Amino acid sequence: MSMLKVEDLHVYYGSIHAIKGISFEVNEGEIVTLIGANGAGKSTTLNTVAGLLKPRTGSVEFEGKSLLGVPAHKIVSRGLALCPEGRRIFLQLTVQENLEMGAYTQTGGIAESLEKVYTHFPRLKERYRQVAGTLSGGEQQMLAMGRALMSKPKVMMLDEPSMGLAPLLVEQIFEIIRNLNRAGTTILLVEQNAQMALSIASRGYVLETGRIVTSASAQELLHDDAVRKAYLGG
């Protein structure tokens, strides 16, 4: 079943045509990745789906219902969460306060959501009283992902989760993404580390200057000569 469907999306920054008619879909239970160079339009795509940017034309549907014109916080409450590039955590708040901020769309108690986050991120449980600004880069990324998870998303969009992290931490973060997916969360992943992204994804789309130029199974993309040369360093 298609959870998220984007069709013929055009997005502009003033007179700059950033997204040029892209179409893609994410099915229930999948990890789908968007790969491409800096400036290809990956983050713009996620921000548009999340309701932070308005497209000029095109459609975005989540579970068969249009998201166009729906405010960003309502999109979160429908079950679509964005973990943004650069983490954007609240540096002066504690770990637990940051996580509680992620549950602002929840009406009931949040103890169950907290417990779920701490199961996936035991490091955060150890540091729940620590001020977020004093965490390491890897821990801050975990916190950003945990905060997005607090809204109980059906689909989680991750924007560059490995950015600026040491290789060992990158592997940890990707293992957590795998585990989140196994536990039932559908993932849309934007990632500069194309090799890692394709190693855990079921399908991938390659963006170049605002257009999708290739789409295939992750395994096919891993073995595609043009993709390897452009994004996998070989």
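Note that the coordinates shown come from a computational prediction; the quantities given were computed from them, not determined experimentally.

Caption draft 1: Local environment of the pairing of strand β4 (residues 57-62). Relative to β4, strand β1 (residues 2-13) is paired through 5 bridges, and the arrangement is antiparallel. In the sheet register, Lys 5 faces β4, and the bridge partner there is Glu 61. Where β4 meets strand β5 (residues 65-66), 2 bridges bridge the pair, whose relative direction is antiparallel. Bridged to Glu 61 within β5 is Ser 66. The loop that links β4 with its antiparallel partner β5 comprises 2 residues; one of these, Glu 63, has a positive phi angle of about 50°.

Caption draft 2: Structural view of the sheet that holds strand β9 (residues 203-208). Pairing is mixed across the open sheet formed by 6 strands, whose spatial order is β6-β7-β8-β3-β9-β10. Edge positions in the sheet fall to β6 (80-83) and β10 (211-217), since each of these pairs with one other strand and no more. Along the sheet, successive strands turn relative to each other by an average axial angle of 15°, direction set aside. Here strand β3 (residues 31-35) pairs with strand β8 (residues 186-190) via 4 bridges, running parallel. Bridge pairing in β8 links Ile 31 to Ile 187. Across the sheet, helix α7 (residues 167-182) is in contact with β3, β7 (155-159) and β8; its angle to β8 comes to roughly 150°.

Caption draft 3: Structural context of the sheet that holds β5. Judged by pairing direction, the sheet is antiparallel, and its 4 strands sit side by side in the order β2-β1-β4-β5 without closing on themselves. Looking along the sheet, the strands with just one partner apiece sit at the ends: β2 (16-27) and β5. Those strands touched by helix α1 (residues 42-49) are β1, β2 and β4, and its axis lies near 115° from that of β1.

Reading guide: rules and limits
- Residues numbered from 1 in each chain as written.
- Predicted model: local features only at pLDDT ≥ 70, side-chain atom pairs only at ≥ 80, totals over all residues.
- Heavy atoms only, no water.
- Pairing = 2+ DSSP bridges.
- Helix = DSSP H or I, 4+ residues; strand = E, 2+ residues; numbered from the N terminus.
- Axes fitted to C-alpha atoms, helices over the stretch in contact; angles between N-to-C directions.
- Contact = heavy atoms within 4.5 Å.

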